[in-house]
Amino acid sequence: MAAEALEGVKTLTFDVQGTCVDFYRPIMRMGEALNRAKGIAVDWARLSAEWRDHYRRTLDEVIAGQRPWIRVDAIYRQALDVLLERHALSGRFSIAERDELNTVWTKLDAWPDSVAGLDRLGRKYVTSTLSNAGMAAVVAVARHAGLPFDAVLTAELARSYKPAPAVYQLAVDYLGYRPDQIMMVACHKYDLKAARAFGMRTAFVARPQEFGPDARPDVSPEPWFDVHAGSFTELADRLGA
C-alpha cells in the first residue's frame, strides 16, 4: 500500500510468540540439556510441534465455547503432561521439573531484528503487544528479550483468544484509537485476516524459521496485506520510521 494511505496509522500492535520472539531454539536448547542430564533421547523438535498443536486446539475450543477460559501458561502445562504420557516419559520428570520446563515459554529469544526494529517503530508509533499469552507471561518475555513496548495487552484481558474479535477490541478500548488507526503486526496470516476483518491495518512480517529449519511456514505475500516485510527493520523502513 502507498505510504500516504497509511498516514492515519497511530499505533502498532504486535503478536509476540513467533513474531517478536523465537520459541523453537529456546525449547531445543532446553531439550538438549535435559536429554544429556537424564540420559534420554527425546525428539524435541517433534515434541515442540505437538506442544504448539495442543495449545492451538485448546484455544480454538475456548473460542468455540467448548471449554471454559484458561490462561495460556496453564494450557501449555496441561499439554506437557499429555505429551510426556504420550511419549512414555511421565516417570522421568517430577512435578517440579515439569513446572520448571513450562517456564521456557517466558524465556524466549528475540529475533535478531526485533529490538532494533521496535526501537525505531516506537519513535513514530505507540507500540503494544496483542498476544494470546497471559499478561504475566508477556511481561516476562518482553523483559527477557529486551522488547521496548509502550504497552502490554493480551487476550487474558478479554478472556478469549485470537482470532476472536474481542481480543482486537482491546486495542481500541485500551489504546484509544479507531481500528483503522491501528496496524496489527504478525507472522501468522490467520491473525492478520481477523484483524483486517475487525477494521485494522495489517503488516505481515515473515518468520520462515519460526518452527525450525526443516519447517516451511507460509510466508508468501497476500494482496490484502497493507505491508509485507522480512523483518521489523524492513517494516520500519516501509513505514518511514
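Our structure's up above, just so we're on the same page.
Residues numbered from 1 in each chain as written. Predicted model: local features only at pLDDT ≥ 70, side-chain atom pairs only at ≥ 80, totals over all residues. Heavy atoms only, no water.

Enquirer: Please provide a residue-by-residue account of the packing of aromatic side chains, values included.
Expert: Per the counting criterion, the structure on display carries 12 aromatic pairs. Seen in terms of ring centroids, phenylalanine 23 and tryptophan 105 are 5.8 Å apart; in terms of plane orientation they differ by 45 degrees. Their pairing is tilted. Residue phenylalanine 23 is found in the loop between β2 (21–22) and α1 (24–38), and its partner tryptophan 105 is found in the loop between α4 (95–102) and β3 (109–110); the two are separated by 82 residues along the sequence. Taken together through their ring pairs, the aromatic side chains of Phe23, Trp51, Tyr55, Tyr76, Trp105 and Phe211 make up a single cluster. When the ring centre of phenylalanine 23 is taken as reference, the NZ or CZ atom of arginine 52 above it lies at 4.5 Å. Across the ring face of phenylalanine 232, the terminal group of arginine 207 is positioned such that the distance to the ring centre comes to 4.8 Å. (Phe/Tyr/Trp six-rings, centres within 6.5 Å; stacked < 30°, edge-to-face > 60°. Helix = DSSP H or I, 4+ residues; strand = E, 2+ residues; numbered from the N terminus. Lys NZ or Arg CZ within 6 Å of the ring centre and 35° of its normal.)

Enquirer: Before we move on, could you go through the sheet that holds strand β8 (residues 227–229) and cite the residues and values that matter?
Expert: Sheet architecture is open: 6 strands sit in the order β5-β4-β1-β6-β7-β8, paired in parallel fashion. Among the strands making up the open sheet, the edge pair consists of β5 (151–154) and β8. Strand-to-strand twist of the sheet, defined as the mean angle between neighbouring strand axes without regard to direction, takes the value 25 degrees. Pairing of strand β7 (residues 201–205) with β8, which is carried by 3 bridges, proceeds in the parallel orientation. Bridge pairing links phenylalanine 204 to histidine 228 in β8. Strands β1 (11–14), β4 (126–131), β5 and β6 (182–186) of the sheet are contacted by helix α7 (residues 165–175), whose axis makes an angle of about 145 degrees with β5. (Pairing = 2+ DSSP bridges. Axes fitted to C-alpha atoms, helices over the stretch in contact; angles between N-to-C directions. Contact = heavy atoms within 4.5 Å.)

None of the figures reported here should be taken as evidence of function without further support.
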